[in-house]
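Geometric and topological summary
Listed below are the residues making up each chain.
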Amino acid sequence: MVKVEYQGHACFILDDGNHRIIIDPFLSDNPLAKVQPSDVKVNAVLVTHGHFDHLGNAVEIAKNNDAPVISVFEVVGYCQGKGTDGHPMHLGGTHSFPWGTLRLTVAHHASTIVDGGNLVPGGSPCGFVIGMGGKKIYHAGDTALFFDMKLIGELEELDLALLPIGSNFTMGVEDAARAVEFLKPKKVIPMHYNTFDVIKQDPQQFKNLVGGKAEVIILNPGESYTLE
Ligand code: NI
Ligand code: MN
């Protein structure tokens, strides 16, 4: 069992009853988020890339919880420089943590960190395949559609895929529906839309395009869905 809580944009909190992790904790500057960073209790903080709308409040939440930031080497190094614990990984690697397993997948995007007035290289952006509570969940991060999603779907039997549909910075609804064909997940939750005007999308249109290929679950920010 794993409870999947959506906090808008690309932020999710996963809870299997024993452990909680947060992914891309963009909260205090996220107009859709329903929790504040100080309310978040987690065992790990996963970050797909260094852009502000994903790194978000990772440093603060990791410090508050004595929890590691888990991401690519460059993003973890940046957070460790700000005083957090960290577990660096990189694309293609898998590791077992007390809360579950994590595989870092390719994402086609960028990962520059804005630190004050400086730009810091964030390495490669990534996606995650998370094994938790007996379920496999793919968080695509920010990415274009890419054909190797087919390979991810062959390597991992996905119970759930979290896919961006906002377009402009990532896949839009049509490409994300194609991604569902490649990944073959049982269920899909769309993300990374309606946070800003430029990524305004109708998730129902995405659901219609996916049709019978997977069950599409549309969550409003603050809502949860439990994978039984
Ligand atoms: Ni991004
Ligand atoms: Mn983004």
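As the structure is a computational prediction, the values presented were derived from the model and not from experiment. Numbering of residues begins from 1 in every chain and follows the order in which that chain's sequence is written. To read the labels, note that chains go from A and ligands from 1, taken in the order they are written. Under the rules for a predicted model, residues below a pLDDT of 70 receive no local features and side-chain atom pairs below 80 are neither given nor counted, while totals for whole chains, interfaces and linings still include all residues. The basis for the side-chain values is all heavy atoms of the structure; hydrogens and waters are excluded.

Describing the coordination of the nickel ion (ligand 1)
When a metal holds four donors in a tetrahedron, each ideal angle between them is 109.5 degrees; when it holds six in an octahedron, the ideal angles are 90 or 180 degrees. Let me state the cut-off plainly: Listed donor atoms are N, O and S within 2.8 Å of the metal (Na, K and Ca: 3.2 Å). As water is not included, a site may look incomplete. Each label reflects the angles at the metal, where four donors whose angles all fall between 85 and 135 degrees are tetrahedral, four or six donors whose opposite pairs open beyond 155 degrees and whose other angles stay between 65 and 115 are square planar or octahedral respectively, and the rest are irregular. Here the term buried applies to any residue with accessible area under 20% of the maximum for its type, exposed to any over 50%, and partly exposed to those in between, with areas from a 1.4 Å probe on protein chains only.
For the nickel ion (ligand 1), the full set of protein donor atoms is His-49 (NE2), His-51 (ND1), His-109 (NE2) and Asp-142 (OD), and the range of their distances to it is 2.2 to 2.3 Å. For the nickel ion (ligand 1), the 4 donor atoms in the first shell make angles of 88 to 174° at the metal, so the coordination geometry reads as irregular. One chain supplies every donor to the nickel ion (ligand 1), and in sequence these donors are spaced H-x1-H-x57-H-x32-D. For His-109, a relative accessible area of 27% translates into the label partly exposed.

With respect to the layout of surface pockets
Here is the rule: The way it works is a 1 Å grid over only the protein atoms, where trapped points that fit a 1.4 Å probe form a cavity and open points with protein on both sides within 12 Å along at least five of seven lines form a pocket, and then any residue with an atom within 4 Å of a point lines it. Grid points are joined across faces, edges and corners, and a volume is the space filled by probe spheres set on the points. Helix numbers and strand numbers start at the N terminus; a helix is a DSSP run of H or I with at least 4 residues, a strand a run of E with at least 2. Throughout, the ten residues Ala, Val, Leu, Ile, Met, Phe, Trp, Tyr, Cys and Pro are labelled nonpolar, Asp, Glu, Lys and Arg are labelled charged, and all others, Gly among them, are labelled polar.
As a volume, the largest pocket reaches approximately 240 Å³. In terms of lining residues, the largest pocket is bounded by 16 residues, among which Asp-29, Phe-52, Leu-55, Gly-56 and Asn-57 are the most central. Contributions of two or more residues to the lining of the largest pocket are made by helix H1 (52-55), helix H2 (58-65) and strand E9 (112-115). Split by residue class, the lining of the largest pocket holds 8 nonpolar, 6 polar and 2 charged. Size it by volume and the second largest pocket reaches roughly 160 Å³. Lining of the second largest pocket is provided by Leu-91, Gly-92, Arg-103, Leu-104, Thr-105, Val-106, His-108, Phe-146, Asp-148, Leu-151, Ile-152 and Leu-155.

A few points about the pattern of salt bridges
Applicable threshold: Any carboxyl oxygen of Asp or Glu that lies within 4 Å of a side-chain nitrogen of Lys or Arg is treated as forming a salt bridge with it.
Within the structure shown, the criterion is met by 9 salt bridges. Measuring nitrogen to oxygen at the nearest pair gives 3.1 Å for the salt bridge that ties Arg-20 to Asp-15. The partner of Glu-181 in a salt bridge is Lys-213, with the nearest N and O atoms 3.8 Å apart. Taken together, the residues Glu-181 in helix H5 (residues 173-183) and Lys-213 in the loop between helix H6 (203-210) and strand E15 (215-216) connect sequence positions 32 residues apart. Looking at Lys-213, the relative accessible area reads 43%, which means it is partly exposed.

Observations regarding the pairing of strand E13 (residues 160-164)
Worth spelling out the cut-off: Only strands joined by at least two bridges in the DSSP assignment are considered to pair.
The buried count for E13 comes to 5 of 5 residues, which makes it a mostly enclosed element. Of the two faces of E13, both are covered, the one formed by Leu-160, Leu-162 and Pro-164 as well as the one formed by Ala-161 and Leu-163. As judged from the 3 bridges shared by strand E12 (residues 135-139) and E13, these two strands associate in the parallel manner. Pairing of Ile-137 across the sheet is with Leu-160, part of E13.

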